[in-house]
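# Residue-level structure breakdown
One letter stands for each residue in the lines below.
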Amino acid sequence: MTQRAKIDTDGGETGPRPGPAEPAVVHHPAGLTAAQVAERVARGEVNDVPLRSSRSTTDIVRANVFTRFNAIIGVLWVIMLIVAPIQDSLFGFVIVANTGIGIVQELRAKKTLDGLAVIGEAKPTVRRDGAAAEISTSEIVLGDLIELGPGDKVVVDGEVAEADSLEIDESLLTGEADPVVKKPGDRMMSGSFVVAGGGAFTATKVGREAYAAQLAEEASRFTLVHSELRTGISTILKYVTWMMVPTAIGLVISQLVVKNNDFKEAVARTVGGIVPMIPEGLVLLTSVAFAVGVIRLGRRQCLVQELPAIEGLARVDVVCLDKTGTLTEGGMDVTDLHPLDGSDEAYVRKVLGALGESDPRPNASLQAIIEAYPETVEWRCTESLPFSSARKYSGASFSEGNGEDSTWLLGAPDVLLPPEDPTLPEIDHLNEQGLRVLLLARTTHELDSPQVTADTRPTALVVLEQRLRPDAADTLAYFADQKVATKVISGDNAVSVGAVAGKLDMPGAENTIDARQLPTDREEMAKVLDENAVFGRVTPQQKRDMVAALQSHGHTVAMTGDGVNDVLALKDADIGVSMGSGSEATRAVAQIVLLNNSFATLPSVVAEGRRVIGNITRVATLFLTKTVYSVLLAILVVVSQVEYPFLPRHLTLLSTLTIGVPAFFLALAPNKERARPNFVRRVMRYAIPGGVIAAAATFTTYLLARHHYTGTDALGAETSAATLTLFLVSMWVLAIIARPYTWWRLALVAAMGAAFLLVLAVPWLQDFFALKLVGVTMPWTAVFIAAGGCVLLEVAWRWVDRRFPA
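As the structure is a prediction and not an experimental result, all values here were calculated from the model.

The next point concerns the side chain of N615. With respect to the helices and strands, N615 occurs in helix α23 (residues 602–640). Taking relative accessible area as the criterion, N615 reaches 0% and is therefore assigned buried.

The next thing to look at is the nonpolar core. In terms of nonpolar packing, the biggest core is built from 122 residues, with L313, I592 and F756 touching the most fellow members. Take this core: its biggest share by element is 15 residues, from α23. When sequence neighbours within four positions are dropped, the list of residues in contact with F756 reads L653, L654, L657, T723, L724, F727 and L771. Counting 24 residues, the second largest nonpolar core, distinct from the first, contains C320, L518, F535 and L570.

On to the pairing of strand β4 (residues 157–169). Counting buried residues in β4 gives eleven out of 13 residues, a clear majority hidden from the surface. In terms of strand pairing, β4 meets strand β7 (residues 193–205) through ten bridges, oriented antiparallel. Bridge assignment links D164 to a residue of β7, and that residue is G198. Bridge count between β4 and strand β5 (residues 180–181): two bridges; the pairing is antiparallel. Across the sheet, I168 pairs through a bridge with V180, a residue of β5.

Before going further, it helps to examine unusual backbone geometry. Each neighbour pair has its own omega, and for R739 with P740 the value is -5°, a cis peptide bond. Turning to its location among the elements, P740 is positioned in the loop between α26 (714–737) and α27 (743–761). One non-glycine residue, D129, lies in positive phi territory at about 55°. Within the fold, D129 resides in the loop between β1 (125–128) and β2 (131–134). Since its relative accessible area comes to 49%, D129 is described here as partly exposed. Although it is not a glycine, Q301 sits at a positive phi angle of roughly 60°.

All right, on to the pattern of salt bridges then. Across all of its chains, the model carries 17 salt bridges by this definition. For K527, the salt bridge goes to E524, with nearest N and O atoms at 4.0 Å. Within this pair, K527 and its partner E524 are both found in helix α19 (residues 522–531), separated by three residues, close to a single helical turn. Judged by its relative accessible area of 39%, K527 falls in the partly exposed class.

Time to look at helix α20 (residues 540–552). Residue pairs spaced three or four apart in an α-helix point in one direction, given the helix's 3.6 residues per turn. Relative to the 18 Å expected for 13 residues at 1.5 Å per residue, α20 spans 19 Å between its end C-alpha atoms, a close match to the ideal helical length. Along α20, the residues classified as buried are P540, Q542, K543, R544, M546, V547, A548, A549 and L550. Within two residues after α20, G554 carries a phi angle of roughly 85°, on the positive side.

The next point concerns helix α29 (residues 777–803). Under the 1.5 Å per step criterion, the end-to-end length of α29 is 38 Å for 27 residues, consistent within 8% with the ideal 39 Å. Among all positions in α29, only M778, P779, A782, I785, A786, G789, C790, L793, E794, A796, W797 and V800 are buried. Its buried side turned inward, α29 meets α23, α25 (679–708) and α26.

Glancing now at the pairing of strand β9 (residues 318–321). The alternating pattern of β9 places V318 and C320 and V319 and L321 on opposite faces, both of which are buried. Sheet analysis places β9 next to strand β16 (residues 485–489), joined by four bridges and oriented parallel. Considered in β16, the bridge of V319 is made with T486. Pairing geometry for β9 and strand β19 (residues 557–561), over three bridges, is parallel. Across the sheet, residue V319 finds its bridge partner in β19, namely A558.

Definitions and cut-offs
Residues numbered from 1 in each chain as written. Predicted model: local features only at pLDDT ≥ 70, side-chain atom pairs only at ≥ 80, totals over all residues. Heavy atoms only, no water. Helix = DSSP H or I, 4+ residues; strand = E, 2+ residues; numbered from the N terminus. Buried < 20%, exposed > 50% of the residue type's maximum accessible area, 1.4 Å probe, protein only. Core = buried A, V, L, I, M, F, W, Y, C linked by side-chain atoms within 4.5 Å. Contact = heavy atoms within 4.5 Å. Pairing = 2+ DSSP bridges. Salt bridge = Lys/Arg side-chain N within 4 Å of Asp/Glu carboxyl O. Expected span 1.5 Å × (residues − 1).

Rendered as structure tokens:
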């Protein structure tokens, strides 16, 4: 007999059974008093571990300021401030501005994330002075009596005080998926959660002593977990560093020793060769793009608990959906009651009313029954068995007050009835209409007996209809249009689930599979999953196995859910998406929480991820083309034993107009291009030929100018001609990257070109940037060489597209 049976019978109740809240107050311990709580607070015995939903302000500033590239550029900036005019130190001010932008954007993201995390935070129910109240986890004190129900997470360590068929899933701690039945006196580990039943436990470890403090903080932290984008950029930067060091050393020796130039001029041109090798803005723009994505999604009530989840969902090609709460709204309505075998309908209503009263934490189906049959009966519940998604039914035993005792089960008909039962065809017919059918059956066995479902007597069918989400059909259509496969994985009857999917015009809804028939072999299961779209009667462990099977076939899998039975699958999926109204356990393991409980928000997340990935790929090509041509120009200068053609001010101007300003706008622009893998390969296959052509064209112009110009001001004229060629080729790289053109993209490219013409036309800007085109022959030669380079760019990139497809 369960704990509830002992409590109720010992109480010796007569008359109507009180509502579910009253026995909790009358029969159970009252918890701590206000005075006891105050004493514990004074002693510091409080669960006061701060739950950070994002990096601290200090961490954000440190991450943006103290970078390897900022250190390199900082040293070079100090050198230039000492030896050269201020215009040769402009690159340092750009870094300051970029770092400031990064800090501000991340702080804005932090504010949004922190606010949303507080909104989405679930509050445990604590009993004090005999009354239950929801409080923040940080207000729990040592010795508090914390109530538990299905889906609640154990937030601090403790000891079971009350147990009513209490089943705890400790898989997040132990890896074991099987629920553990808890009895009074048993140990409760924080980080576990309730899958069935209810109860209460006394907090024995709070604050930093409780394992929950670490788990909860880890679950909600602003983390930078694995991301192909970030990993790819780190790989690129590592190779850039390797190339930069020997090239910079060669450049220093060449300019200071071999040419025997004026010291300050040599230092300035050496720094001018080193600075553009560093793609410093690439990491910054990636962070800004992610941060802006968090803010945009936050406005849609979407909490991104881990930044790369935005990228991850954009790469997803299979979305696994739980029907209840995702395709359908949480509420249900009882549409019909079918008594079986001549059962009296009035008596059946009494039974259903009693079952509703017997469960203090009813699920959606039982809540609909409570609303439909609110009859109060003078029956005493002597034993109860809460609903569990693993067994698919609930139950209760009653003393009916007239000397009669009865035990009832309410659950899935195909679980409670033998396969040959004549009632099943009628149930299948109802399921085909998208209706949910529950069987009310009487049993002669004890509820805790393994044979409780044997020899049951069917008494009535309860027909319920789920409320479809009005936006579900459009969301499914969006995924179909984007070539993202959707799989409905539900614990409900397969035919019923298929009918709901069919009403929403989901592709493949006609292919419904009962998960009990699924093969256990992973490879065989993966084949079935690839060929079908709707699965019913799926157990929590099967959901996990199905995610693993899909991943074994190379799929990137997102899993949505809101119930406890979804937790294991959410945890193993590439991206876990939880509803804000879902259990605390699901929110803890999900990377994305939809606080508005709307599945229709997912397309926004996918679109945001695609915008980030597509745009960062674009701007990465710009940055790395500059790195390639800077390294090659330095090598050509060292080999040719000539002066480096550029001062830092020239490359600052070029970088600002052809990379810095355009990249900022392009990184934040709309982009619906589907995310593709192999980020490094896709970027470098363009950056390498682009950089080689830009360096070759620029150095050719420089060498021709060295033969054309003579005299004391020859180097300035040579530099101006080379700068013109490099600017024009770089602008063509930008023009290619900006495709497909829109009015604002064309305006952006045109504005950058106009800004450069302004520098060439205004005398004081000519002096400031040391740019003055001399004569007619060499400037036009520079233009023609640049035009040839642009043609080569078009040819080379189209050849790359054919030869090395992404």
